[in-house]
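Structural description and commentary
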Amino acid sequence: MENGTTRQVRTLILGAGAAGMMCAAQAGPGCLVVDHAKKPGEKIRISGGGRCNFTNLDIRPECYLGENPHFHKSALARYTQWDFISMVSEHGIGWHEKTLGQLFCDDSARDIIEMLRAEMGPAELWLSTQLVDLRHDGTFVATLEREGRRTGVRAERLVVATGAKSIPKMGATGLAYDIARQFGHRVTETRPGLVPLTFPDGRFKPLSGVAVPARVATDRAAFDEGMLFTHRGLSGPAVLQASSYWREGEAVEIDLAPGTDLATALREGRAAQGRRALTTELARHLPQRLVAHLSETMDLSGNLGDLSDARIAALAEALGCWRLVPAGSEGYRTAEVTLGGVATDTLSSQTMESAQVPGLYFIGEAVDVTGWLGGYNFQWAWSSGWAAGQAI
Ligand code: FDA
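Residues numbered from 1 in each chain as written. Predicted model: local features only at pLDDT ≥ 70, side-chain atom pairs only at ≥ 80, totals over all residues. Heavy atoms only, no water.

1. Quick look at the overall build of the protein
Applied cut-off: Segments assigned H or I by DSSP are reported as helices when at least four residues long, segments assigned E as strands when at least two residues long, and all are numbered from the N terminus. Only protein chains enter the accessibility calculation, which uses a 1.4 Å probe. A residue is then buried if its area is under 20% of the maximum for its type, exposed if over 50%, and partly exposed in between. In what follows, residue pairs with any heavy atoms lying within 4.5 Å of each other are defined as contacts. Using a 1.4 Å probe, accessible areas were evaluated by the Shrake-Rupley method; residue-level cover was limited to the displayed protein chains. For the purpose of counting charges, residues Lys and Arg are taken to be positive, whereas Asp and Glu are taken to be negative. His and the chain ends are not included. The atom standing in for a charge is NZ when the residue is Lys, CZ when it is Arg, CG when it is Asp and CD when it is Glu.
For the protein, the helix and strand inventory stands at twelve helices and 21 strands. Every one of the 392 residues in the protein was classed for burial, and the buried ones make up 53%. Counted over contacts in the protein with a minimum sequence separation of 6, partners at least 24 positions apart contribute 72%. Accessible area of the protein: about 16700 Å², with a carbon and sulfur share of 48%. One way to put it: in the protein the 39 positive side-chain charges average out to a point 4 Å from where the 44 negative ones average out.

2. Observations regarding the sheet that holds strand E17 (residues 322–324)
Hydrogen bonds between backbone groups are what pair the strands of a sheet, and the pairing can be parallel or antiparallel. Stated precisely, the cut-off is as follows: A strand pair is defined by DSSP finding two or more bridges across the two strands. Simply put, an axis is a line fit to the C-alpha atoms, just over the touching stretch for a helix, and the angle between two N-to-C directions goes from 0 to 180 degrees.
The seven strands are arranged E17-E16-E13-E14-E15-E12-E18 in an open sheet whose pairing can be described as antiparallel. With one partner strand each, in any of the chains shown, E17 and strand E18 (328–329) form the two edges of the open sheet. Relative to strand E16 (residues 252–255), helix H11 (residues 309–320) is tilted by about 120°, and along the sheet it contacts E16 and E17.

3. Regarding helix H1 (residues 18–27)
Of all ten residues that make up H1, nine are buried, and the element is covered over most of its length. Among the residues of H1, those classed as buried are Ala18, Ala19, Gly20, Met21, Met22, Cys23, Ala24, Ala25 and Ala27. One or two positions beyond H1, positive phi appears at Gly28, with a value near 80°.

4. Remarks on the packing of H1 against helix H5 (residues 110–119)
Note the following rule: Roughly parallel here means an angle under 35 degrees, roughly antiparallel means over 145, roughly perpendicular means 65 to 115, and every remaining angle is called oblique. Less than a right angle of anticlockwise turn of the near helix away from the far helix marks a crossing as left-handed, whereas a clockwise turn marks it as right-handed. Residue type decides the class: Asp, Glu, Lys and Arg count as charged, Ala, Val, Leu, Ile, Met, Phe, Trp, Tyr, Cys and Pro as nonpolar, and the leftover types, Gly among them, as polar.
Here H1 crosses H5 at 30°, and the two axes come no closer than 8 Å. Comparing their axes, H5 and H1 come out roughly parallel. In this structure, H1 meets H5 at a crossing whose hand is left-handed. Within the contact between the two elements, H1 uses Met21, Met22 and Ala25 and H5 uses Ile113, Leu116, Arg117 and Glu119. Here the residues of the contact of H1 with H5 are counted per class, giving five nonpolar, no polar and two charged.

5. Considering the sheet that holds strand E3 (residues 53–56)
Strands sit in the order E3-E6-E5 across an open sheet of three strands; the sheet is antiparallel. The outermost strands of the open sheet, each flanked by one partner alone, are E3 and strand E5 (95–97). If you compare each strand with its neighbour and ignore which way they point, the axes differ by 30° on average. Pairing between E3 and strand E6 (residues 102–105): three bridges, direction antiparallel. Looking across to E6, one finds that Asn56 is bridged to Gln102.

6. Description of the confidence of the model for the protein
Quick note on the threshold: By definition, pLDDT measures how confident the predictor is in each residue, and it falls between 0 and 100.
Per-residue pLDDT for the protein has a mean of 96; in total, 99% of the residues score no lower than 70. What the predictor reports for the complex is a pTM of 0.96 with an ipTM of 0.99.

7. Examining the nonpolar core
Here is the rule we go by: Throughout this description, the term nonpolar core refers to a set of buried Ala, Val, Leu, Ile, Met, Phe, Trp, Tyr and Cys residues connected via side-chain atoms within 4.5 Å.
With 123 residues, the main nonpolar core has Ile112 and Trp382 as its most contacted residues. Tallying contributions element by element places helix H12 (residues 376–391) first for this core, with eight residues. In contact with Ile112, other than residues within four places in its own chain, are Ile44, Cys52, Phe54, Phe84, Val88, Ile93, Cys105 and Trp382.

8. A closer look at unusual backbone geometry
You will see that Ile167, though not glycine, has its phi angle at about 60°, which is positive. Here Ile167 lies in the loop between strand E10 (149–160) and helix H6 (175–182). At Met352, a residue that is not glycine, the phi angle is positive and equals roughly 70°. Topologically, Met352 is positioned in the loop between strand E19 (337–339) and strand E20 (360–362).

9. Section: the pairing of strand E2 (residues 31–34)
Put simply, the rule reads: By definition, the crossover connecting two strands over a helix is right-handed if that path, from the first strand to the second, turns clockwise as seen with the strands pointing away from the viewer.
Burial along E2 is two-sided: the face carrying Cys31 and Val33 and the face carrying Leu32 and Val34 are both buried. Relative to E2, strand E1 (residues 6–14) runs parallel, the two being bridged by four bridges. Bridging from a neighbouring strand, Leu14 pairs with Val34 of E2. Handedness of the crossover is the feature at issue here: the chain leaves E1, passes through H1, returns alongside E2, and the resulting connection is right-handed. Examined bridge by bridge, E2 and strand E7 (residues 124–126) share three bridges and lie parallel to one another. Note that in E7 the partner of Val34 across the bridge is Trp126.

Encoded structure:
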C-alpha cells in the first residue's frame, strides 16, 4: 500500500544497475527493484563507447583485485562468461570480439539493458526513488520516497546493488558502504581504479593526443597495451590497467617500445646509416612528437655513427624503462571503477549473503572485488547478481 501503510515484498533490491537487474532476473516473484536514477542501467548505456564491453572470453580469477584473491572464484565459476554470452545470443543481440577477448555489442549497449529488463519479467521497478530510512527488526523495513510521496516497504530479503563511487555525476553514491556499516560490516579502503594518471605540471600538454603501444608497470603488475598522452597526463588501456595497482607517491615504469630490441635496432642503424640523425632513427620506432619531447630531457643529439655501444645501451635502457612519478589520478570523476568496498570476509562467496544478517546481500561493484579493463567488471556484476538471485 502506498498511502501511509507498509507494502510487503519478498525481496527489495536497491540499485537497478548491471548487478541489480541480473539479480532481479533470477530472483523470481515478489521482487521490487528501486533506483534513484530516472532510467535503469545508465552505466551499461555509456559503457564501451556505447557498445558495452559486456564480458571477456578470458575471465580468470587473477584478473580481479580485492583483499581476498579467492572470494570471486565461486560466483565466476557458477555463472560464467559463456552463460552470459548464451543469454545475449538467445536475445538475438549481435556481438563481436574487439581485442584481447573483449566482447562488444554490434549495435548498442541499450540492447543489453533491454535484455535485462525483459529477463526481469514480473519484477517491479521504481525509478527516481530515494531510500530515506532503513531498519531491520527481523525483516527489512525501508522508507522510500518517489514523486514526493513516502512509502514503507517491508522485505524478507534486501539486496544492496547500488554500485560504488565512480562517476558521481552519473548518480554514483557510497550508499552500499553506509548500509554495510549500519549492519556491522567492514568496508575496505576505497580508491579510484581504471583511471588516468595526472601530471599537473602540464608536461605532457604538447603531446596531447599522441598514442603509443607501451608496457606500463607498477611494482605489482605490468600491462602491454596502448598508452595515450592527454593534456592532464597519461591514459589509454595500459595506463588505466596499471592505475588499479598504482599507489600515490610511487613511480610507474614505461617501456616505450615493447617488443622492439632498441639497442639492436640502433646498432644496425649505425652500421647501415651512420649519417642518419639519432632523432630520425628513433622516429621510426616512436611518434615524432614524442621524440621531440624526449629530446628536451634526454641527450638525443648527433648521428647514429657518433653513438658508442655504451650510449646505445643507456638510450635503450632509458626508453625501455622511462620512470615517471604521477602526481595523482583523475579520481572518481573519471574512474571506471572503485577499488575496495564491502569486505568479503563476512559475505558468502556462494550467495553473497551476509554472515551477520541473514537475508542481507551485497553484489556488484559495491563489493571488494574489482576487475581489469575489458569486460571483467560487468562479468562480476552478472556473476554476483546471478549468485544472489539464485539463492533468493
Ligand atoms: P552500477 O553502477 O551499474 O549500478 C548501481 C545502480 O545503483 C545505479 O543504477 C545507480 O543509479 C543506483 N544507485 C546508486 N546510489 C543509489 C542511491 N543512493 N539510491 C538509489 N539508487 C542508487 N565494465 C565493463 O566490464 N565493461 C565496460 O565496457 C565498462 N565500461 C565502463 C565505462 C564507464 C564510463 C564506467 C564508469 C564504467 C564502466 N565499466 C565497464 C564498469 C561497470 O560499469 C561497473 O563495473 C558496473 O556497472 C557495476 O555494476 P553495479 O550494478 O554493481 O553498479
